[in-house]
Amino acid sequence: MTNNSKILVTYVSKSGSTAEIARFIAQQVEQASRAAVDVLPMSEVSSLEPYGAVITGGFLYRFGWHPQAQEFVTQYQAQLKKRKTAFFVAGMGLIKTAECDQSPFPLFLDANFVRQPSRPGHLNALEKQMTLPNYMKDTLPILAEIHPLSVGFFGGKLDMQTLSSVEKMILRVICLLTGAKPGDYRNWDLIQTWAGQVAANLA
Ligand SMILES: Cc1cc2nc3c(=O)[nH]c(=O)nc-3n(C[C@H](O)[C@H](O)[C@H](O)COP(=O)(O)O)c2cc1C
């Protein structure tokens, strides 16, 4: 462990809703821990040296945790292993499979974000894309070695107005296939609970 007491909350966000979650978590952690907390987009982080703890968040993008979030975890894995960490993921839906129950780290799941497969014990092609192992394809083994305090999965916000025409087209197809609908699904009470639990363990 490092001796630094500062905490970093870092995120990747396109339309701003994950950035709002990150700022909210930072506020909660700051209040609970009384430590200094920086909130920065991942693109502005060049070193984890000043920080004793790091909370990393990103949204789901085309059936994966955003590539920038996965790259961040890959790039900083050695430093993350030496620090207290927590991670969060925001999006429209996760299909619950056995991997969630057998996760090598504590998972915190927003019940409104999690769905059961349409046929118990069988995943159709689309559902296979929406599972924990697929979403975290590049990072699951790394996260297992980092031993995070918690990985939170939260409902996000889908605002079609903020998307380019290509993204709107992709999202219309995803919504049609998954039954997801645009809207703000962030559950602030739940995120507050998660942040409080994480803060208590950062102390
Ligand atoms: C191009 C695109 C692809 C997306 N793909 C997924 C996905 O595969 N699974 C999912 O649950 N949500 C998906 N979403 C929904 C976002 O994860 C959700 O809207 C998120 O809260 C957006 O965060 P932001 O406001 O920080 O950009 C996608 C959104 C966009 C724009």
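Preceding this paragraph is the structure being described.
The present account deals with the structure reproduced in this document. (Residues numbered from 1 in each chain as written. Predicted model: local features only at pLDDT ≥ 70, side-chain atom pairs only at ≥ 80, totals over all residues. Heavy atoms only, no water.)

### Structural notes on the site of the ligand
- Around the ligand there are 22 residues in total, and S13, S17, T18, L60 and F63 lie nearest to it.
- Here K157 contributes a backbone N or O atom positioned 2.8 Å from an oxygen atom of the ligand.
- Taken by itself the ligand offers 640 Å² of open surface, and the protein chains cover 97% of this.
- Per-class residue counts for the shell around the ligand are eleven nonpolar, eight polar and three charged. (Near = heavy atom within 4 Å. Polar contact = N/O pair within 3.5 Å; in protein donor to acceptor, adjacent residues only side chain to side chain. Areas by Shrake-Rupley, 256 points an atom, 1.4 Å probe, with all protein chains shown as cover. Nonpolar A, V, L, I, M, F, W, Y, C, P; charged D, E, K, R; others polar.)

### Brief notes about the side chain of T10
- Within the secondary structure, T10 is located in strand 1 (residues 6–12).
- A polar side-chain atom of T10 sits 2.8 Å from the main-chain carbonyl oxygen of L40.
- Those residues in contact with T10, other than ones at most four positions away along the chain, are L40, P41, M42, V45, V54, I55, T56, G57 and F72. (Helix = DSSP H or I, 4+ residues; strand = E, 2+ residues; numbered from the N terminus. Contact = heavy atoms within 4.5 Å.)

### Brief notes about the packing of aromatic side chains
- In this structure the tally under the stated criterion is nine aromatic pairs.
- Where F59 meets Y61, the ring centres are 6.0 Å apart and the plane angle is 85 degrees; that geometry is what we call edge-to-face.
- With relative accessibility at 15%, the residue F59 sits in the buried group.
- Taken together, the aromatic side chains of F88, F108, F154 and W194 make up a single cluster linked through ring pairs. (Phe/Tyr/Trp six-rings, centres within 6.5 Å; stacked < 30°, edge-to-face > 60°. Buried < 20%, exposed > 50% of the residue type's maximum accessible area, 1.4 Å probe, protein only.)

### A closer look at the pattern of salt bridges
- Across all of its chains, the model carries seven salt bridges by this definition.
- Between D38 and K6 there is a salt bridge; the shortest N-O distance is 3.1 Å. With D38 in strand 2 (residues 37–41) and K6 in strand 1, the pair connects residues that are 32 residues apart, well separated along the chain.
- Judged by its relative accessible area of 29%, K6 is partly exposed.
- Here K81 ties to E145 by a salt bridge, and the two come within 3.1 Å at their closest N and O atoms. (Salt bridge = Lys/Arg side-chain N within 4 Å of Asp/Glu carboxyl O.)

### Section: the sheet that holds strand 1
- Reading across from one edge, 2-1-3-4-8-6 is the order of the six strands in this open sheet, with parallel pairing throughout. Looking at the sheet topology across the chains shown, the edges are occupied by strand 2 and strand 6 (107–109). Across the sheet, the mean angle separating the axes of adjacent strands is 15 degrees when strand polarity is ignored.
- Running at roughly 165 degrees to strand 1, helix 1 (residues 17–33) makes contact with strand 1, strand 2, strand 3 (51–59) and strand 4 (84–91) of the sheet.
- Against the sheet, helix 9 (residues 188–202) contacts strand 1, strand 3, strand 4, strand 6 and strand 8 (151–155), and its axis sits at roughly 170 degrees relative to strand 4. (Pairing = 2+ DSSP bridges. Axes fitted to C-alpha atoms, helices over the stretch in contact; angles between N-to-C directions.)

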